[in-house]
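# Close look at the chain arrangement
Chain by chain, the residues run as shown.
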Amino acid sequence: MNNFVDVNDADNIEALIEHALLLKKSPYDFENLGKRKTIGLIFMNPSLRTRLSTQKAAINLGMNVMMMNFSGEGWALETEQGVIMNGDKPEHIKEAAAVVGSYCDIVAIRTFAGLKDKDDDYNELILRQFIRYCGKPIINMESATVHPLQSLTDLITIKENKEAKNPKILLTWAPHPKVLPQAVANSFAQWTLAAGYDLTIACPKGYELSTDFAKGAKVVHKPEEGYMDADFVYAKNWSSFVHYGKKLSEDKSWMVDAEKMKLTNNAKFMHCLPVRRNVVVEDSVIDSVNSLVIQQASNRVWAAQAVLSKLLENL
Ligand code: SN0
């Protein structure tokens, strides 16, 4: 593996999951693999799980870790080419990425969708430039369109909890006070479908995901419709892809609640976190024994460690 930017970088998803589960059992089996290697974690947006789990994964492999929060601490970055930089952005991404790359052996970056310009976001304008100018292997810690470390974690967690060989998985849209990116939902659809799972996506009309990510999923438009016999209910809010970055619904009947969970096959509840309690999911569901949210979050370490070890092997 040379980069971990999206699902296509994982040439064998099942093997990567197995490797993560092996590391979960024996976290220090490869504790010297990253000796004297440095990873730089670059954040353009907030983080809790991604930051700490990736740091911990790197430490378990013997790596040195450097971290920088660009949104609060770095120079504001110019990302347009050929501009006269006499405005409020002191540094160009060209130099910033190259400088970070010169200090590191692997660079991980988080850069959320701006949700203003669909083409910029779906062409991954910032991530692509970072890859181009950084010159080192890149890990995507959530970009404009995908969040592959989260999706790998989700598949690990599904594997640990599934009873049927091919469980029924529901990805349901849920209400939210803000407009959020489609990245987590896109990526969850892409990875579960690539792994061969049966996926239903439930969302209000106008919230359909791009077919580039969700082709092969069944789509339903009533909140209850996808719950029937589901083994896993994965909740997430996202803003509209079609009417790009817009909020089209505040319909509270889409919140995950105990009533709708009763329609399922005693389904497990999943969410990437952070989650708005009693907006996205009712307390009684996230606090129930069927909630996997903490297990998911803790599995972020093993997903990151599996990916890092594959990148380190190729350095
Ligand atoms: C991000 C998102 O992509 O939806 C990160 C999820 C891992 N979530 C948020 O920004 C939530 C912010 C909020 O105000 O609830």
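These numbers were taken from a predicted model, which means no experiment stands behind them.

### Remarks on the site of the ligand
All residues adjacent to the ligand are Phe112, Glu142, His176, Lys178, Leu180, Pro181, Lys236, Cys272, Leu273 and Arg276. The separation between an oxygen atom of the ligand and a polar side-chain atom of His176 is 3.0 Å. In the model, an oxygen atom of the ligand is placed 2.9 Å from a nitrogen or oxygen of the Lys178 side chain. Contact with the protein chains hides 86% of the accessible area of the ligand, taken as 410 Å² for the molecule alone. Across the shell around the ligand, the residue classes tally to 5 nonpolar, 1 polar and 4 charged.

### Details of the domain arrangement of the protein
Here the protein is partitioned into domain 1 (7–146 + 299–313) and domain 2 (148–296). A straight line from the C-alpha centre of domain 1 to that of domain 2 covers 25 Å. Taken together, the contact between domain 1 and domain 2 spans 32 residues of the former and 34 residues of the latter. With both sides pooled, the region where domain 1 packs onto domain 2 buries about 2700 Å², and carbon together with sulfur makes up 68% of that total. The largest per-residue losses of area from domain 1 upon contact with domain 2 belong to Leu115, Tyr122 and Asn299, which jointly make up 24% of the total buried on that side. Taken together, the links from domain 1 to domain 2 amount to 3 salt bridges. The closest approach of N and O atoms between Lys24 and Glu160, which form a salt bridge, is 2.7 Å. Linking domain 1 with domain 2 are 14 residue pairs in polar contact (both at pLDDT 80 or more), by the criterion used here. A total of 8 residues in the side of domain 1 that touches domain 2 trace back to one element, the largest contributor, which is helix H1 (residues 13–25). Considered class by class, the residues forming the side of domain 1 that touches domain 2 number 17 nonpolar, 5 polar and 10 charged.

### With respect to the pattern of salt bridges
Taken as a whole and judged by the stated rule, the model has 10 salt bridges. Between Lys159 and Glu14 there is a salt bridge, and its shortest N-O distance comes to 2.6 Å. Of this pair, Lys159 sits in helix H7 (residues 148–161) while Glu14 sits in helix H1; the two residues are 145 residues apart in sequence, bridging distant segments of the chain. Judged by relative accessible area, which is 29%, Lys159 ranks as partly exposed. What you see here is one network of salt bridges that share partners, running through Glu14, Glu18 and Lys159.

Cut-offs and rules
- Once a new chain begins, its residue numbering starts again from 1 and follows that chain's sequence as written.
- Local features in a predicted model are, by the rule used here, given only for residues with pLDDT of at least 70; side-chain atom pairs are given and counted only at 80 or more, and totals for whole chains, interfaces and linings are based on all residues.
- Hydrogens and water are ignored here; the side-chain numbers use all heavy atoms of the structure.
- In these notes, residues near a molecule or strand are those with any non-hydrogen atom within 4 Å of it.
- Polar contacts here mean pairs of N or O atoms no more than 3.5 Å apart (in protein, one a potential hydrogen donor and the other a potential acceptor; neighbouring residues in sequence count only if both atoms are side-chain atoms).
- The Shrake-Rupley method, run with a 1.4 Å probe, gives the accessible areas here. Residue values count only the displayed protein chains as cover.
- Under the grouping applied here, Gly and all other residues not named as nonpolar or charged are polar, the nonpolar ones being Ala, Val, Leu, Ile, Met, Phe, Trp, Tyr, Cys and Pro and the charged ones Asp, Glu, Lys and Arg.
- By convention here, the domain bounds are inherited from an automatic or database domain assignment.
- Two residues qualify as a contact provided that any one of their heavy atoms is within 4.5 Å of a heavy atom in the partner residue.
- Buried surface area refers to the total accessible area, computed with a probe of radius 1.4 Å, that the two partners give up upon joining, counted for both partners together.
- In what follows, salt bridge is the name for a side-chain nitrogen of Lys or Arg lying within 4 Å of a carboxyl oxygen of Asp or Glu.
- We count a stretch as a helix when DSSP gives it H or I for four or more residues in a row; a strand needs E for two or more, and each element gets its number in order from the N terminus.
- Under the scheme applied here, a residue whose accessible area is under 20% of the maximum for its type counts as buried, over 50% as exposed, and between as partly exposed, the area being computed with a 1.4 Å probe on protein chains only.

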